[in-house]
Amino acid sequence: MVAFTYLAVAAAAISRSLAAPAPNDLPDFEMGPHNMVRRQDYNQNYKTGGNVNFSPNSNGYSVTFSGAGDFVVGKGWKKGTDRNITFTGSTQQTSGTVLVSVYGWTKNPLVEYYVQEYTSNGKGSAQGQKLGTLESDGSTYEIWKHQQVNQPSISGTTTFWQYISNRVDKRPNSGTVTMANHFAAWKAAGLNLGSHDYQVLATEGWGNAGGNSKYTLST
């Protein structure tokens, strides 16, 4: 899965005004019995099991994790526009699958999207149908789309599309993500976004994931 907010490794999740976040701007999700329960603050914090110790701060976050079943944590902004996102830090993986992405959601249509900068297994959340590639920020990205059926989302348990750009050259440390390039490439491939809800830089893991991340963000 793959549900995450307020990026700091994955995701200052995408397309909204990336100005300094204000308290209570971003949604924070916890698992409920049937969907993700929304709380109002500006940190992504989704976890289903294992040990995940998430520490957000004013311009980034750190997280250590072990035995994690599925989690997404990060730092970002609420609605905004497609600006460049610069991250500085590092991620180390000791077990399971771990990725760092710019991560976000849109509504109407409901879409969960990723620009994967680092994937421990080379693929991360990329699955479904590969639609092509784009060149951006010094690397090739593969473009994928995948339908999630009856899965947790920011609108409750439902069916929605995932759009994924997967960087071929892994970048776990520092770099800049030009989000406008990904939005344009997705549109050219027939992948339509809706109204942007939030975006974050996020760290995500599953499958008994272990490791750590620490990032600082700027736009």
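Our structure is the block above this text.
Residues numbered from 1 in each chain as written. Predicted model: local features only at pLDDT ≥ 70, side-chain atom pairs only at ≥ 80, totals over all residues. Heavy atoms only, no water.

Student: What's the story with the overall build of the protein in this structure? I'm lost.
Tutor: When its secondary structure is counted, the protein shows one helix and twelve strands. Across the protein, helices and strands are ordered from the amino to the carboxyl terminus as β-β-β-β-β-β-β-β-β-β-β-α-β. Taken over 219 residues, the protein has a buried fraction of 53%. For the protein, long-range pairs separated by at least 24 residues make up 73% of all intrachain contacts whose partners lie at least 6 apart in sequence. Within the structure as shown, the protein displays about 8,300 Å² of accessible surface, and the carbon and sulfur contribution to it stands at 44%. (Helix = DSSP H or I, 4+ residues; strand = E, 2+ residues; numbered from the N terminus. Buried < 20%, exposed > 50% of the residue type's maximum accessible area, 1.4 Å probe, protein only. Contact = heavy atoms within 4.5 Å. Areas by Shrake-Rupley, 256 points an atom, 1.4 Å probe, with all protein chains shown as cover.)

Student: Looking at this model, I keep getting lost on the pattern of salt bridges. Mind explaining?
Tutor: Opposite charge on two side chains lets them pair, provided their charged atoms get close. Enumeration according to the criterion identifies four salt bridges in this entry. Where R171 meets E117, a salt bridge forms, and the shortest distance between an N and an O atom there is 2.5 Å. Highlighted residues: R171 in the loop between β10 (158-167) and β11 (175-178) and E117 in strand β7 (residues 111-119), separated in sequence by 54 residues. With respect to class, R171 is no different from E117; both count as buried. E142 is the partner of K130 in a salt bridge, and the nearest nitrogen-oxygen pair spans 3.5 Å. You can see K130 sitting in strand β8 (residues 129-136) and its partner E142 sitting in strand β9 (residues 139-151), a full twelve residues away along the chain. For K130, a relative accessible area of 44% gives the class partly exposed. If you follow the salt bridges from partner to partner, you end up with E117, R167 and R171 in one network. (Salt bridge = Lys/Arg side-chain N within 4 Å of Asp/Glu carboxyl O.)

Student: What exactly am I supposed to notice about the environment of G128 here?
Tutor: Mapped onto the elements of the fold, G128 is located in the loop between β7 and β8. C-alpha separation for the pair G128 and K145, spaced 17 residues apart in sequence, amounts to 5.8 Å.

Student: How do you make sense of the packing of aromatic side chains when you look at a structure like this?
Tutor: The geometry of an aromatic ring pair is captured by two quantities: the separation of the ring centres and the angle between the planes. With the rule as written, the count across this model stands at eleven aromatic pairs. Measuring from ring centre to ring centre gives 5.8 Å for F87 and Y215, while their planes differ by 70°; the resulting arrangement is edge-to-face. Taken together, the residues F87 in strand β6 (residues 84-107) and Y215 in strand β12 (residues 195-218) connect sequence positions 128 residues apart. In this structure, F87 and Y215 share a single accessibility class: buried. Cluster of aromatic residues (ring-pair linked, three or more members): F54, Y61, F87 and Y215. For the cation-ring pair, K145 lies above W161, with the distance from its terminal atom to the ring centre recorded as 4.9 Å. (Phe/Tyr/Trp six-rings, centres within 6.5 Å; stacked < 30°, edge-to-face > 60°. Lys NZ or Arg CZ within 6 Å of the ring centre and 35° of its normal.)

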